[in-house]
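Okay, here's what each chain looks like letter by letter:
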Amino acid sequence: MKFEEIRRICVVGAGNMGHQIALQAAICGYIVTCTDVNAETLKKADDFVNSYLPGRVEKGRLTAEQAKQARNNIRFVGSLDEAAAQADVVIEAATEVLALKRKIFAELDKIAPAHCILATNSSAIVSSKIADATQRPDKVVNMHFFNPALVMKLVEVVKGPHVSDETADLIMQLSKALQKVPVLLKKEVDGFLLNRIFAAISREAMWLLEMGVAEVEDIDNACVYGAGHPMGPFRLNDLTGLDLSYIMRMEKFRETGNPADLPNPRLVEHYMKGEYGEKTGKGWYDYSKKS
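One numbering rule holds for all chains: residues counted from 1, following each sequence as written. Where totals are concerned, whole chains, interfaces and linings use all residues; where local detail is concerned, this predicted model gives features only for residues with pLDDT of at least 70, and gives and counts side-chain atom pairs only at 80 or more. To obtain the side-chain values, all non-hydrogen atoms of the structure were used and water was disregarded.

1. What about the overall build of the chain?
Strands here are runs of E lasting at least two residues and helices are runs of H or I lasting at least four, both read from the DSSP assignment and numbered beginning at the N terminus. From N to C terminus, the chain includes 11 helices and 8 strands. For a compact globule the rule gives 2.2 Å times the number of residues to the power 0.38, and the radius of gyration it is set against comes from C-alpha atoms. For 291 residues, the compact-globule estimate of 2.2 N^0.38 gives 19 Å, and the chain sits close to it at 19 Å. For each residue, the accessible area found with a 1.4 Å probe, counting protein chains only, is set against the maximum for its type, and the residue is called buried under 20%, exposed over 50%, and partly exposed in between. Burial statistics for the chain: of 291 residues in total, 46% are counted as buried. Whether two residues are in contact is decided by their heavy atoms: any pair within 4.5 Å suffices. Of all intrachain contacts in the chain linking residues separated by at least 6 positions in sequence, the fraction that spans at least 24 positions is 65%. The Shrake-Rupley method, run with a 1.4 Å probe sphere, supplies the accessible areas, and residue values consider only the shown protein chains as cover. Accessible surface, the chain: about 14,500 Å² in total, of which carbon and sulfur atoms supply 54%.

2. Some words on the pattern of salt bridges
Definition used for salt bridges: Asp or Glu carboxyl oxygen within 4 Å of a side-chain nitrogen of Lys or Arg. Scanning the entire structure with this criterion turns up 18 salt bridges. The partner of K44 in a salt bridge is E40, and the shortest N-O contact between them spans 3.6 Å. Of this pair, K44 and E40 both sit in helix α2 (residues 39–58), 4 residues apart, roughly one helical turn. The residue K282 makes a salt bridge to E275 at a minimum N-O spacing of 3.9 Å. Owing to a relative accessible area of 12%, E275 belongs among the buried residues under this scheme. Bridged by salt links that share partners, the residues E92, E96 and K101 form one connected network.

3. Thoughts on the pairing of strand β2 (residues 31–35)
Among the 5 residues in β2, 4 count as buried, and that is most of the element. Examined bridge by bridge, strand β1 (residues 8–12) and β2 share 5 bridges and lie parallel to one another. In the sheet register, V11 faces β2, and the bridge partner there is C34. Following the backbone out of β1, through helix α1 (residues 16–27) and into the adjacent parallel β2, one traces a crossover that is right-handed. For two strands to be treated as a pair, DSSP must find at least two bridges joining them. Note on handedness: a clockwise path from strand one over the helix to strand two, with the strands aimed away from the viewer, defines a right-handed crossover.

4. Some details on the side chain of T35
Examined against the element boundaries, T35 turns out to sit in strand β2. Take T35: its relative accessible area is 3%, and that puts it in the buried class. Within the structure, the side chain of T35 is placed 2.9 Å from the backbone oxygen of V77, a separation counted as a polar contact. If sequence neighbours within four positions are ignored, T35 has contacts with V11, V12, G13, A14, L42, V77, G78, S79, L80 and A83. A 3.5 Å cut-off defines polar contacts: any pair of N or O atoms within that distance qualifies, except that in protein one atom must be a possible hydrogen donor and the other a possible acceptor, and neighbouring residues in sequence count only when both atoms are side-chain atoms.

5. Quick notes on the nonpolar core
Core analysis: the largest hydrophobic core is formed by 43 residues, its most contacted members being Y30, M143, F145 and L174. Residue contributions to this core peak at 6 residues, all from α1. Here Y30 is in contact with F3, I6, R7, I9, A25, N73, L174, A177 and L178, once residues within four sequence places are set aside. Among the nonpolar cores identified, the runner-up in size contains 19 residues, and V12, V90, C116 and L118 belong to it. The set of buried Ala, Val, Leu, Ile, Met, Phe, Trp, Tyr and Cys residues whose side-chain atoms join them within 4.5 Å is what this entry labels a nonpolar core.

6. Brief notes about a nonpolar patch on the surface
Patch definition: residues with relative accessible area over 30% and no salt bridge; like charges joined within 9 Å; nonpolar side chains (Val, Leu, Ile, Met, Phe, Trp, Tyr) joined within 5 Å. A contiguous nonpolar patch, built from W207, M211 and V213 and spanning about 340 Å² of accessible area, is present on the exposed surface. Topologically, V213 is positioned in the loop between α7 (194–210) and α8 (216–225).

7. Considering unusual backbone geometry
The omega torsion of the bond from N147 to P148 falls at 0°, within 30 degrees of zero and hence cis. Inspection of the secondary structure assignment puts P148 in the loop between β6 (140–145) and β7 (154–158). Within the chain, Q179 stands out as a residue other than glycine whose phi angle is a positive 65°. As for its position among the elements, Q179 is in the loop between α6 (165–177) and β8 (181–185). With relative accessibility at 46%, the residue Q179 sits in the partly exposed group. Phi is positive for F192, which is not a glycine, with a value near 55°. By the element assignment, F192 lies in the loop between β8 and α7.

What follows is the structure, encoded as structure tokens:
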């Protein structure tokens, strides 16, 4: 497949990452079908598109015609078969659970055309753990966007040992066409590039909190006003979701059996209370009194 032949994109998962990836692709001119097993999630995603595009027009970021075309380019459907049957590229953005991703990719392999590339947006699971669930391992690749996907420019493309040069090159080109800045990892490594760096910072931040050295806000302020980070590790965690962090740590523990990989007790406490960050109104910070 030539890059110019990529016209239709399927996004699996209409949650925060999935529907933003889908909308970004639609804004960039691709025909996009986004699917999810949860009807309520699909409706929320559709409502988001209906509110986001007029807002971009009001701010002068899109013309009325561009917004109309983007709206026409994107559909939200409940059927995986309908979403992926004509796709040139599928981007999976489901929950960070390996067994679930393998199930989805096995289904996609039966539905999607033979030329279709199957990409995962996973922030932790390397595609070599998913590829053998399909009959096209050379076309299974990591394409990791960052949250919020409509804003963040970075995309990590990971060339595992099974990924063909053609697949890696096409996904690099597609990332640029989606107005992103892709970086290519020549080999698989847990956490990829940026999350490995973030993980080291987060571990140290958690240790400082647990040891009573400093509180959440002071640790974040040190990173922002001393290191020049746009936000501190706890504020960033509230943005990306404490539930995601918890699930990823538990998945890592199931893989290694190492107690050191278990989520931090303070994180577990927030998770069990349903305090996932901004989306629930409370996480490391309390957002309930803010507009």
